[in-house]
Amino acid sequence: MPTAIVATGLSKTYDVKVRDPGIRGALAALARPRYRQVRAVDDVSFAIERGDAVAFLGPNGAGKTTTLKMLTGLLFPSSGRAQVAGCDPWTGGNAFRQRIAFVLGNKQQLLWDLPPEETFRLNRAIYGVSAADYTTRRAELVELLVLGDLIDKPARQLSLGERMKCELAAALLHQPEVLFLDEPTLGLDLEAQQTIRTFLGEYRRRHGATILLTSHYMADVTALASRVLIINRGRLLYDGELSELVARIAPIKRIELVLSETVSRARLEEYGTVAHYAPPRATLEVPRELATAASTRLLTDLEVADLSIQDPPIEEVIRIAFGETEHDVLAEPEPVARTDVRRAPP
Amino acid sequence: MSRVATRSAFATFRDQYAELMRSAFLIDLQYRASIAIWLLWGITEPIISLGIWWSIAAGGAVDGYTREDFARYFFGVALVNQATLSWDAWNIDRWIREGEMNFRLTRPIAPIHEAIADNIAYKAPTAVIILTAWIGAATFWPAVRIPFEPGRWALAIIAIVLAAAIRFLNGYATGLLAFWTTRATALVELQFGLSLFLSGRIAPLSLLPPQVVRAAEYLWFPYVLSFPVEVLTGTVTTGGQYARGFGGQAIWLAIWLLLYLLVWTRGRRRYGAVGG
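Calculation notes
Residues numbered from 1 in each chain as written. Chains lettered and ligands numbered in written order. Predicted model: local features only at pLDDT ≥ 70, side-chain atom pairs only at ≥ 80, totals over all residues. Helix = DSSP H or I, 4+ residues; strand = E, 2+ residues; numbered from the N terminus. Rg over C-alpha atoms; globule rule 2.2 N^0.38 Å. Contact = placed C-beta atoms within 7 Å. Buried ≥ 20, exposed ≤ 12 C-beta atoms within 10 Å, placed from the backbone. Nonpolar A, V, L, I, M, F, W, Y, C, P; charged D, E, K, R; others polar. Expected span 1.5 Å × (residues − 1). Arc of directions from axis to C-beta. Pairing = 2+ DSSP bridges. Axes fitted to C-alpha atoms, helices over the stretch in contact; angles between N-to-C directions. Core = buried A, V, L, I, M, F, W, Y, C linked by C-beta atoms within 7 Å. Parallel < 35°, antiparallel > 145°, perpendicular 65-115°, else oblique. Left-handed = near helix turned anticlockwise from the far one by under 90°. pLDDT = per-residue confidence, 0-100.

Engineer: Quick one: what's the story with the overall build of chain B, residue by residue and with numbers?
Structural biologist: Looking only at helices and strands, chain B features 12 helices and 0 strands. Walking chain B from its N terminus toward its C terminus, one meets helices and strands in the order α-α-α-α-α-α-α-α-α-α-α-α. Relative to the compact-globule value of 19 Å for 276 residues, chain B shows a C-alpha radius of gyration of 20 Å, a close match. Considering only C-alpha atoms, chain B reaches an extent of 65 × 40 × 40 Å along its principal axes. By sequence separation, contacts in chain B at least 24 residues apart represent 79% of the contacts at least 6 residues apart.

As structure tokens, this is what we get:
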């Protein structure tokens with residue numbers, strides 16, 4: 001099967017302006033700017049077969065978006081090579097752009113003041129989609145994403161979830177071979193997240209599209225991708241099956257509680273490990289397979305105002321998987337060891 | 001085979017422009033109240049200038065300009081300025097600062113085409129509104145009538161289109177400096193200040209001190225407003241004047257086109273290196 005994405009030793013180093021605090025520091029930086037090199041992506045290599053769905057996981061600032069921006073041709077790598085849909089992203093030109101789509105969860109390309117239908121029309125023309133293909137694909141996307149009459153309302157009147165569904169439809173009208181999604185479910189309610197996950201799975205099955213997505217949510221990954229890439233501080237830490245990763249980490253669920261009565265920490269320990277205790281709120285960690293039973297017992301034994309079962313946050317998964325302290329993982333990416341401070345070129 | 005391919009590439013391009021203009025026009029319709037206010041402001045400025053020169057010329061012609069000449073001149077300024085406005089620097093600045101450039105760079109069409117389509121969609125209808133108002137005024141105010149000379153009108157249209165292209169590329173290329181600096185729009189405002197005098201917006205150029213006029217001739221400003229207005233109102237008459245005017249327009253169009261290409265390729269490279 002042909003390979004859809006190949007990244008070989010991709011690295012991206014940024015020059016970040018260094019400035020001492022205060023007005024003096026600001027003036028000094030004006031007169032004599034100093035730069036520090038920060039390695040956002042460090043020697044990342046992987047290959048994705050056509051039709052696969054792969055999730056890119058990592059905390060904020062890990063280098064996920066930078067990698068996606070390199071693979072879509074927006075950023076040039078400092079070193080390394082890539083091939084996407086048979087093209088070089090940096091020299092592939094319009095032929096390359098025709099074969100990909102890049103959806104950023106926090107940015108929109110829908111025309112804000114007009115109904116999504118107008119963005120669809122515009123993208124049909126921009127990507128040179130024939131009238132017949134447009135009609136078929138539009139109908140399919142409207143059906144799969146349950147867009148209904150959303151496409152006739154101005155985009156600014158749509159909810160975040162409705163807008164994201166329309167963003168996806170607009171991005172898929174030219175039927176890209178490779179779909180890059182940066183946090184597609186960010187900030188969406190559970191129902192909208194679910195619709196988008198189901199849609200992406202179905203779309204991939206029907207059209208054999210390759211999907212590379214970044215996410216903060218474990219649920220995105222479990223629903224969509226069997227393979228995950230974990231990146232932290234620019235380095236690829238894990239590339240493999242999701243199930244293997246779950247086996248490798250302690251497979252736990254988190255039970256978040258809001259109690260209506262005062263319950264001691266010791267009492268809660270009977271149901272699982274107390275990860276967080278701040279009455280009336282508490283968080284318990286229990287083995288995945290015991291989560292339902294523990295919840296039932298909690299609801300029967302105690303006065304519970306609210307209870308929810310959640311996956312551990314991705315930061316936690318990485319922490320557990322790689323034995324790092326939470327503090328380290330959540331910290332801002334640090335400059336590389338061979339940080340050098342130099343003056344700006346004239 | 002290749003002829004078919006060429007034709008279909010052209011058809012795609014035409015289709016892209018049609019849809020880009022359509023959506024720009026639909027967005028303008030959403031902002032019709034704002035557009036009416038901008039349009040009113042665009043007309044107010046030349047009308048104020050006209051009011052001032054009208055009273056100055058009460059005692060007789062100023063440097064050969066009668067009250068009627070001033071009236072025709074500033075009606076021309078209102079029309080030509082509307083047709084050649086440039087706001088693109090602010091758009092590009094926003095695209096770059098707020099990450100809206102990203103999706104534009106992943107589409108198979110250069111972002112400049114969206115800006116050109118946006119310009120056409122805005123200027124064509126608003127220029128028609130000003131032209132209609134001018135024709136309306138001319139029915140009861142003979143001073144603003146311009147003689148019926150289709151040849152000169154055609155040349156005026158060409159001069160206006162060239163002026164619009166120069167100002168567009170000037171604004172777009174300056175806006176692209178946002179790839180490097182957060183002060184790109186300040187540069188545009190500086191140029192705007194200069195253009196008030198040097199393009200003939202507040203007074204016909206020939207009324208300015210000769211040193212200022214000479215300085216202006218080395219820049220693009222006279223060719224983007226004064227020249228098209230004077231072609232339209234009939235002040236430009238000799239072949240030499242036409243040649244100098246169109247020659248200046250051609251040179252400045254070429255210069256700004258080259259500057260745009262330079263800033264675009266280098267800016268794109270820089271954006272690729274450091275991100276938005």
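Engineer: Kindly report on the overall build of chain A, identifying the contributing residues and their values.
Structural biologist: A count of helical and extended segments in chain A gives 13 helices and 14 strands. Buried positions account for 42% of the 346 residues belonging to chain A. Taking contacts inside chain A between residues at least 6 apart in sequence as the whole, the part at least 24 apart equals 72%.

Engineer: Account for the interface of chain A and chain B, naming residues and giving values.
Structural biologist: Each partner contributes to the interface: chain A provides 24 residues, whereas chain B provides 23 residues. Those elements giving two or more residues to the side of chain A that touches chain B turn out to be α3 (93-99), β5 (100-104) and α4 (116-126) of chain A. Examining the composition of the side of chain A that touches chain B, we find that 5 residues originate from one element, α4(A), more than from any other. Looking at the side of chain A that touches chain B residue by residue, the classes come out as 13 nonpolar, 5 polar and 6 charged.

Engineer: Quick rundown of helix α5 (residues 131-144) of chain A? Include the residues and the values.
Structural biologist: Because an α-helix packs 3.6 residues into every turn, residues spaced three or four apart end up facing the same way. Residue and element names in this part refer to chain A. Between its first and last C-alpha, α5 extends 20 Å over 14 residues, near the 20 Å set by a 1.5 Å rise per residue. Among the residues making up α5, those that are buried are R138, L141 and V142. Angularly, the buried residues of α5 cover 100 degrees about the axis, an arc narrow enough to put them on a single face. Of the exposed residues in α5, those oriented more than 90 degrees away from the buried face are A132, T136, A139 and E143. Residues of α5 that are buried in the fold lie against α4 and α6 (160-172). Just downstream of α5 lies V146, where phi reads positive at about 50 degrees.

Engineer: Now, about the pairing of β5(A): what can you tell me, with residues and values included?
Structural biologist: All names here are of chain A. Taken across its 5 residues, β5 has 5 buried, putting it largely inside the fold. The side-chain alternation of β5 yields two buried faces, one formed by I100, F102 and L104 and the other by A101 and V103. Sheet topology places β5 next to strand β6 (residues 178-182); 5 bridges connect them, and they run parallel. Of the residues in β6, the one forming a bridge with V103 is L181.

Engineer: Any details on the sheet that holds strand β7 (residues 210-215) of chain A? Residues and values, ideally.
Structural biologist: Residue and element names in this part refer to chain A. Taken in spatial order, the 6 strands make up an open sheet running β5-β6-β7-β3-β8-β9, and their pairing is mixed. Each having just a single partner strand, β5 and β9 (235-241) make up the two edges of the open sheet. Ignoring which end each strand starts from, the neighbouring axes of this sheet average 15 degrees apart. On the sheet, helix α2 (residues 64-71) packs against β3 (53-57), β6, β7 and β8 (227-232) and is oriented at approximately 150 degrees with respect to β6.

Engineer: So what's going on with the nonpolar core? Which residues, and what values?
Structural biologist: Side chains of nonpolar character tend, in soluble globular proteins, to be buried together. If you look at the biggest cluster of nonpolar residues, it comprises 138 residues, and the most contacted ones within it are A:A55, A:A169, A:F180, B:A163 and B:I166. Looking at this core, the element that brings in the most residues is helix α7 (residues 150-175) of chain B, giving 11 residues. In this structure B:A163 touches B:V80, B:T84, B:Y223, B:V224, B:L225, B:P228 and B:Q249, once residues within four positions along its chain are discounted. The next biggest cluster of nonpolar side chains, apart from the first, holds 11 residues, and it includes A:I252, A:A282, A:A291 and A:L298.

Engineer: How would you sum up the packing of α7(B) against helix α11 (residues 226-233) of chain B? Please name residues and give values.
Structural biologist: Residue and element names in this part refer to chain B. It is at 8 Å that the axes of α7 and α11 come closest, and there the two elements cross at 165 degrees. Judged on the interaxial angle alone, α11 and α7 are roughly antiparallel. Here α7 runs over α11; the crossing is left-handed. Within the contact between the two elements, α7 uses R152, L155, A156, A159, I160 and A163 and α11 uses F227, P228, V231 and L232. Of the residues in the contact of α7 with α11, the class split is 9 nonpolar, no polar and 1 charged.

Engineer: Can you break down the confidence of the model for chain A residue by residue, with the values?
Structural biologist: Residues and elements named next belong to chain A. Averaged over every residue, the pLDDT of chain A is 85; residues scoring 70 or more account for 89%. Of all helices and strands in chain A, the one with the weakest mean pLDDT is strand β14 (residues 342-343) (33), whereas α4 scores best (96). Under a pLDDT of 50 for its full length, residues 325-346 has, in the predicted model, 31 contacts with residues more than four places off or in other chains.

Engineer: Just give me the short version of the pairing of strand β11 (residues 273-278) of chain A, but keep the residues and values in it.
Structural biologist: Residue and element names in this part refer to chain A. With 5 bridges joining them, β11 and strand β12 (residues 281-287) adopt antiparallel strand pairing. What sits directly across from A278, in β12, is R281. Remark: 2 residues form the turn of the hairpin made by β11 and β12, two consecutive strands paired antiparallel.

Engineer: Describe the packing of helix α4 (residues 88-97) of chain B against helix α8 (residues 184-198) of chain B, with residues and values.
Structural biologist: All names here are of chain B. It is the contact of α4 with α8, at a shortest axis distance of 9 Å, that shows an interaxial angle of 175 degrees. What the angle tells us is that α4 and α8 run roughly antiparallel. Each of A89, W90 and D93 in α4 lies in contact with α8, whose residues at this interface are A184, T185 and V188. Its residues assigned to classes, the contact of α4 with α8 shows 4 nonpolar, 1 polar and 1 charged.

Engineer: I'd like a rundown of α4(A), residues and numbers included.
Structural biologist: The element α4(A) is largely enclosed, with a buried count of 11 among its 11 residues. Count one or two residues on from α4(A) and you reach A:G128, which has phi positive near 60 degrees.

Engineer: Could you give an account of the sheet that holds β11(A), with specific residues and numbers?
Structural biologist: All names here are of chain A. Strands sit in the order β11-β12-β10-β13 across an open sheet of 4 strands; the sheet is antiparallel. Either end of the sheet is taken by a strand with one partner, and the two such strands are β11 and β13 (304-310). The mean angle between the axes of side-by-side strands here comes to 15 degrees, regardless of whether they run parallel or antiparallel. Lying over the sheet, helix α11 (residues 291-301) contacts β10 (252-259), β12 and β13, oriented at roughly 175 degrees with respect to β13.

Engineer: Provide a residue-level description of the confidence of the model for chain B, including the pertinent values.
Structural biologist: When the pLDDT values of chain B are averaged, the result is 92; 97% of them are 70 or greater. The ipTM value of the predicted complex is 0.90, and its pTM value is 0.84.

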